[in-house]
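Here is how the chains run, residue by residue.
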Amino acid sequence: MRAKLLLPSLVLISTACLKDPPTEPSTVNGTYTLRTVNGAPLPFAIPGDADQTTILQAAIVLYQGGTYAESGSRSMRTNGVVSVVPYTDAGAYQLQGTSVTLISGINSKARLAQYRAGSMTIIEAGLTAVYAK
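For the structure given in this document, a descriptive report is provided here. This structure is a prediction, so every number in the text was calculated from the model and none was measured.

The rules we used
Residues numbered from 1 in each chain as written. Predicted model: local features only at pLDDT ≥ 70, side-chain atom pairs only at ≥ 80, totals over all residues. Heavy atoms only, no water. Pairing = 2+ DSSP bridges. Helix = DSSP H or I, 4+ residues; strand = E, 2+ residues; numbered from the N terminus. Salt bridge = Lys/Arg side-chain N within 4 Å of Asp/Glu carboxyl O. Buried < 20%, exposed > 50% of the residue type's maximum accessible area, 1.4 Å probe, protein only. Polar contact = N/O pair within 3.5 Å; in protein donor to acceptor, adjacent residues only side chain to side chain. Contact = heavy atoms within 4.5 Å. Core = buried A, V, L, I, M, F, W, Y, C linked by side-chain atoms within 4.5 Å.

This brings us to the pairing of strand S9 (residues 119-124). Side chains on a regular strand alternate between the two faces of the sheet. Pairing between strand S8 (residues 110-116) and S9: four bridges, direction antiparallel. Residue pairing across strands places Gln114 opposite Thr121, the latter belonging to S9. Sheet topology places S9 next to strand S10 (residues 127-132); six bridges connect them, and they run antiparallel. Opposite Ile123, over in S10, you have Thr128 as the bridge partner.

This is the structure:
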């Protein structure tokens, strides 16, 4: 009788272990610096961009209490003139398991990041950006 009860319990426990463990908010807090885009280090020239945009640097800071700040800079070549354009954003983030949703306070746009071992990966507009602590 015990063997019959033990087997289903072991199956449930082993299945639960296969899923990514939930991430604690204190684990994700901190500064994440953009390291690679599409596997290449920075600076990264966005392919096919008419303005010849190059990502120079970026960082996302996740704060305790569910807020974030983002800053970075890009260079853009328009009609032969190169200019460096800084950008900033701030808003809220939501954590669910290993997913971090960044919600912009500027335009309410939501971006999904996957958190794993001190890094966040954001895939959008055909680009895979990896940020690391």
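Read on, since the account is not over.
Moving on, we get to the pattern of salt bridges. Here the structure, examined in full by the defined rule, presents three salt bridges. The partner of Lys109 in a salt bridge is Glu124, and the shortest N-O contact between them spans 3.5 Å. In this pair, Lys109 is assigned in the loop between strand S7 (99-104) and S8 and Glu124 in strand S9, connecting sequence segments 15 residues apart. By relative accessible area, which is 45% here, Lys109 ends up partly exposed. A salt bridge links Arg111 to Glu124; the nearest nitrogen and oxygen atoms lie 3.5 Å apart. Of the two residues, Arg111 is situated in strand S8 and Glu124 in strand S9; the sequence distance between them amounts to 13 residues. In this structure Arg111 comes out as buried when scored by relative accessible area, which is 12%. Salt bridges here are not isolated pairs; linked through shared partners, they connect Glu70, Lys109, Arg111 and Glu124.

Turning to its location among the elements, Asn29 is positioned in the loop between helix H2 (25-28) and strand S1 (30-37). Within the structure, the side chain of Asn29 is placed 2.8 Å from the side chain of Tyr93, a separation counted as a polar contact. Not counting the four nearest positions on each side in its chain, Asn29 is found in contact with Leu62, Tyr63, Gln64, Tyr93 and Lys133.

A few words on the side chain of Glu70. When you line up the elements, Glu70 lands in strand S5 (residues 67-78). Assessed through its relative accessible area of 7%, Glu70 is described here as buried. Apart from the residues lying within four places of it in its own chain, the contact partners of Glu70 are Ala59, Ile60, Tyr87, Thr88, Asp89, Arg111 and Tyr131.

Take the nonpolar core next. Formed by 21 residues in total, the largest nonpolar core has its most connected members in Ile60, Leu62, Val100, Leu102, Met120 and Tyr131. Of all elements in the fold, only S1, strand S4 (54-63), strand S6 (81-96), S7, S8, S9 and S10 reach the threshold of two or more residues within this core. Here the element with the most residues in this core is S4; it accounts for four residues. When near neighbours in sequence (up to four residues on either side) are disregarded, Leu102 contacts Ile60, Leu62, Tyr68, Ala92, Tyr93, Lys109, Ala110, Arg111 and Ile122.

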